[in-house]
Amino acid sequence: MPPRYLYLDMNAYFASVEQQLCPELRGRPVCVVPVEAETTVCIAASYEARRYGVKTGTPVYEARRRAPGLVVVRARPRVYVEVHRQILAAVERVLPVEAVRSIDEMRFVLMKNEAPRAVELAKALKESIRQNVGDALKASVGIGPNRFLAKVATELEKPDGLVVLGGGNFPQALWKLELRDLPGIGRRMEARLHRLGIYTVRQLTEAPRELLRRAWGGVLGERMYANLRGVDLPEIPTKRRSFSQSHVLPPELRRPEKARAVAARLVVKAAARMRKAGYAAGSMTLALRFLSGDDHHGFVLLAPTQATRTLLKALDRLWPHGRCREALKVAVVLGHLVEHPGLPLFPEDRKNHLLALAVDRVNARFGPDTVYYGGMAGVRDAGEYRIAFDKIPDFSV
Ligand SMILES: [Mg+2]
């Protein structure tokens, strides 16, 4: 099985960025916490902190107890996005990126003539990041005959890993992983596999095709079976390109604050449809047509998110505060969709909403880079105009 894909996963990304930018944090246990005060769990931990058992989801008080000298850093989402751009620029000096999978993961395709140099190219990618972005940033690179195995290979050696899957080590090299380490196996699928008597990755690699068909309910099981055997399957095409909502405003909703409330409602609607279809948004576009005839367009790239709250914050950033006049039409588009079949749906009315969100998001390899902290005044105002916001949890943070 010749190497076809190269997958790059930054190690402890947020914590490493902090260590890169603040040299005094290097070599020290660091954990990054979301900005929301009550969300006191670590969303990232440096390897020094991990040695003490601090990881994503560890409550901060617990992390402090475990890791003496722990430095708790508030997340700086925009900085992580900026460094992400620098990393992209650095790796593209070596190989064109096929797909950005999240804020800290990207994938490359190898041409036939590049395949024999796969390991060399992987090293060059790491070196380019080291030289052009910083040496506190480490990546695990996986090389494999298909997209699935290239990604899985990044799980096998951390930090600073470089693993080739598909040679003589195959599939035994996978056996030390947990079922949940494999893409496409979330909590629910793991439970389902347990019910079918599959508890280990070894059992999964040895299971007959028919059993995997049953576990996944058809084609996806076939794909898992083939993926585990190194078959290079075409990607499932994304069926959707965007979710959009628009509204032509009646005279009583044309004032800026009312138009703002309508826009928020459109975001809520589009986000609900998007989640139902199993997607996360990687971008948002806002389009406004003013009564005067001119337009306002705003666009922002996001780390893929399913969270209404995050999307509303993005809207707040896009909104032309102070420059908005009487509006005639509002449109919102959620684009750059990513499929996240394993991700649990956003909990609409969970009390622990923020906590769950932070943990879910990071578990699904999202980043808090989508979390922008703008005033939500416009949305709160919306309630006064009797637009249904009952699906949004409490904003008064
Ligand atoms: Mg990572």
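Residues numbered from 1 in each chain as written. Predicted model: local features only at pLDDT ≥ 70, side-chain atom pairs only at ≥ 80, totals over all residues. Heavy atoms only, no water.

## As for helix H6 (residues 147–155)
1) Next: Counting buried positions along H6 gives 9 out of 9 residues, so the element sits mostly inside the fold.
2) Next: All of the buried residues in H6 are Arg147, Phe148, Leu149, Ala150, Lys151, Val152, Ala153, Thr154 and Glu155. (Buried < 20%, exposed > 50% of the residue type's maximum accessible area, 1.4 Å probe, protein only. Helix = DSSP H or I, 4+ residues; strand = E, 2+ residues; numbered from the N terminus.)

## Some remarks on helix H12 (residues 308–318)
1) Next: With 10 of 11 residues buried, H12 is to be regarded as a mostly interior element.
2) Next: What H12 keeps buried is the set Thr308, Arg309, Thr310, Leu311, Leu312, Lys313, Ala314, Leu315, Asp316 and Leu318.

## Digging into the confidence of the model for the protein
1) Next: Chain-level pLDDT for the protein is 82 on average; 83% of the residues reach the 70-or-more range.
2) Next: Taken together, the stretch residues 341–397 has pLDDT below 50 and engages in 127 contacts with residues farther than four places along the chain or on a different chain. (pLDDT = per-residue confidence, 0-100. Contact = heavy atoms within 4.5 Å.)

## Section: the pattern of salt bridges
1) Next: Within the structure shown, the criterion is met by 20 salt bridges.
2) Next: A salt bridge links Arg26 to Asp135, with the nearest nitrogen and oxygen atoms 3.6 Å apart. Separated by 109 residues along the polypeptide, Arg26 in the loop between helix H1 (13–21) and strand S2 (30–33) and Asp135 in the loop between helix H5 (118–132) and strand S7 (139–144) bring together distant segments of the chain.
3) Next: Overall, Arg26 belongs to the partly exposed group, its relative accessible area being 33%.
4) Next: Among the ionic pairs, Arg180 bridges to Glu190, the shortest N-O distance being 3.7 Å. Taken together, the residues Arg180 in the loop between strand S8 (162–164) and helix H7 (187–195) and Glu190 in helix H7 connect sequence positions 10 residues apart.
5) Next: Taking relative accessible area as the criterion, Arg180 reaches 36% and is therefore assigned partly exposed. (Salt bridge = Lys/Arg side-chain N within 4 Å of Asp/Glu carboxyl O.)

## Describing the packing of aromatic side chains
Both the distance between ring centres and the angle between the ring planes are used here to describe each pair of aromatic rings.
1) Next: Considering all chains together, one arrives at 4 aromatic pairs under this definition.
2) Next: When the ring of Tyr13 is compared with that of Tyr80, the centres are 6.5 Å apart and the planes differ by 70 degrees; the resulting orientation is edge-to-face. Highlighted residues: Tyr13 in helix H1 and Tyr80 in helix H4 (residues 77–92), separated in sequence by 67 residues. Of the two residues examined, Tyr13 and Tyr80, each falls in the buried class.
3) Next: Three or more aromatic residues link up through ring pairs in this structure, and these residues are Tyr13, Phe14 and Tyr80.
4) Next: The ring of Trp319 is capped by Arg260, whose NZ or CZ atom sits 5.9 Å from the centre of that ring. (Phe/Tyr/Trp six-rings, centres within 6.5 Å; stacked < 30°, edge-to-face > 60°. Lys NZ or Arg CZ within 6 Å of the ring centre and 35° of its normal.)

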